[in-house]
Amino acid sequence: QVQLVESGGGLVQPGGSLRLSCAASGSSFSINAMGWYRQAPGTQRALVAVISSGGSTHYANSVKGRFAISRDNAKNTVYLQMNSLKPEDTAVYYCNGNPPLQSYWGQGTQVTVSS
């Protein structure tokens, strides 16, 4: 019944920026830690950013200083601001709880960083 819908991806040049959104329907996630995950071709899905129910954030070293996760509990939405994008950031980006629930994985949103 809970659905997570990611949006905001696209094609961007190296050094560019994107803001991803994750909108939840069916239930409030205000009490849950949430994360952004990504999966590049041929790789396992990996956690890149986490925000706790209280707003504390943690980032994978590969994105620290470039990405910022935030949440608006009133809107049931989690955001990922991505700056200074690199080709290595190319992946499908997903949101989910942390730890993730298997039934909550959605379609993700494609981010392609290329010249």
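Above this text is the structure in question.
The notes below deal with the structure included here.

Each value, and the rule that gives it
Residues numbered from 1 in each chain as written. Predicted model: local features only at pLDDT ≥ 70, side-chain atom pairs only at ≥ 80, totals over all residues. Heavy atoms only, no water. Helix = DSSP H or I, 4+ residues; strand = E, 2+ residues; numbered from the N terminus. Rg over C-alpha atoms; globule rule 2.2 N^0.38 Å. Contact = heavy atoms within 4.5 Å. Areas by Shrake-Rupley, 256 points an atom, 1.4 Å probe, with all protein chains shown as cover. Lys, Arg positive; Asp, Glu negative; His and termini not counted. Charge placed at Lys NZ, Arg CZ, Asp CG, Glu CD. Core = buried A, V, L, I, M, F, W, Y, C linked by side-chain atoms within 4.5 Å. Buried < 20%, exposed > 50% of the residue type's maximum accessible area, 1.4 Å probe, protein only. Salt bridge = Lys/Arg side-chain N within 4 Å of Asp/Glu carboxyl O. Pairing = 2+ DSSP bridges. Axes fitted to C-alpha atoms, helices over the stretch in contact; angles between N-to-C directions.

Bringing the overall build of the chain into the picture now. Each helix and strand counted, the chain has zero helices and ten strands in total. Mapped from its N terminus to its C terminus, the chain presents α and β elements in the order β-β-β-β-β-β-β-β-β-β. Taken against the 2.2 N^0.38 rule, which gives 13 Å for 115 residues, the C-alpha radius of gyration of the chain at 13 Å falls within 12% of a compact globule. Seen through its C-alpha atoms, the chain measures out along the principal axes to roughly 40 × 25 × 20 Å. The contacts in the chain between residues at least 6 apart in sequence include a share of 53% that link residues at least 24 apart. Looking at the chain as shown, the accessible area adds up to about 6,000 Å², and 48% of this sits on carbon and sulfur atoms. The chain carries 8 positive and 4 negative side-chain charges, and their two centres are separated by 4 Å.

Now for the nonpolar core. The biggest cluster of nonpolar side chains holds 24 residues, and the ones touching the most others in it are Trp 36, Val 78, Leu 80, Met 82 and Tyr 93. Those elements that place two or more of their residues in this core are strand S3 (18–25), strand S4 (34–39), strand S5 (46–51), strand S7 (67–72), strand S8 (77–82), strand S9 (91–97) and strand S10 (109–113). Among the elements that line this core, the one with the most residues is S3, at four residues. Leu 80 has contacts with Leu 18, Arg 19, Leu 20, Trp 36, Ala 49, Phe 67, Ala 68, Ile 69 and Tyr 93, leaving out every residue within four places of it along the chain.

Our focus in this paragraph is the pattern of salt bridges. Inspection of the entire model under this criterion finds two salt bridges. Of the charged contacts in the structure, one is a salt bridge between Asp 89 and Arg 38, with a shortest N-O distance of 2.9 Å. Here Asp 89, found in the loop between S8 and S9, pairs with Arg 38, found in strand S4; they are 51 residues apart in sequence, far enough to count as distant. Assigned by exposure class, Asp 89 and Arg 38 land together as buried. Note that Asp 89 and Arg 66 form a salt bridge whose closest N and O atoms lie 2.7 Å from each other. On the criterion of sequence distance, the pair formed by Asp 89 in the loop between S8 and S9 and Arg 66 in the loop between strand S6 (57–59) and S7 is long-range, its members being 23 residues apart.

By the secondary structure assignment, Gly 65 is in the loop between S6 and S7. Residues Gly 65 and Ser 7 lie 58 residues apart in sequence; the distance between their C-alpha atoms is 22 Å.

Read across the open sheet, the four strands follow the order S1-S3-S8-S7; overall the sheet is antiparallel. Pairing within the sheet leaves two strands with one partner each, and these edge strands are strand S1 (3–7) and S7. Averaged over all adjacent pairs, the angle separating strand axes in this sheet is 15°, with direction ignored.

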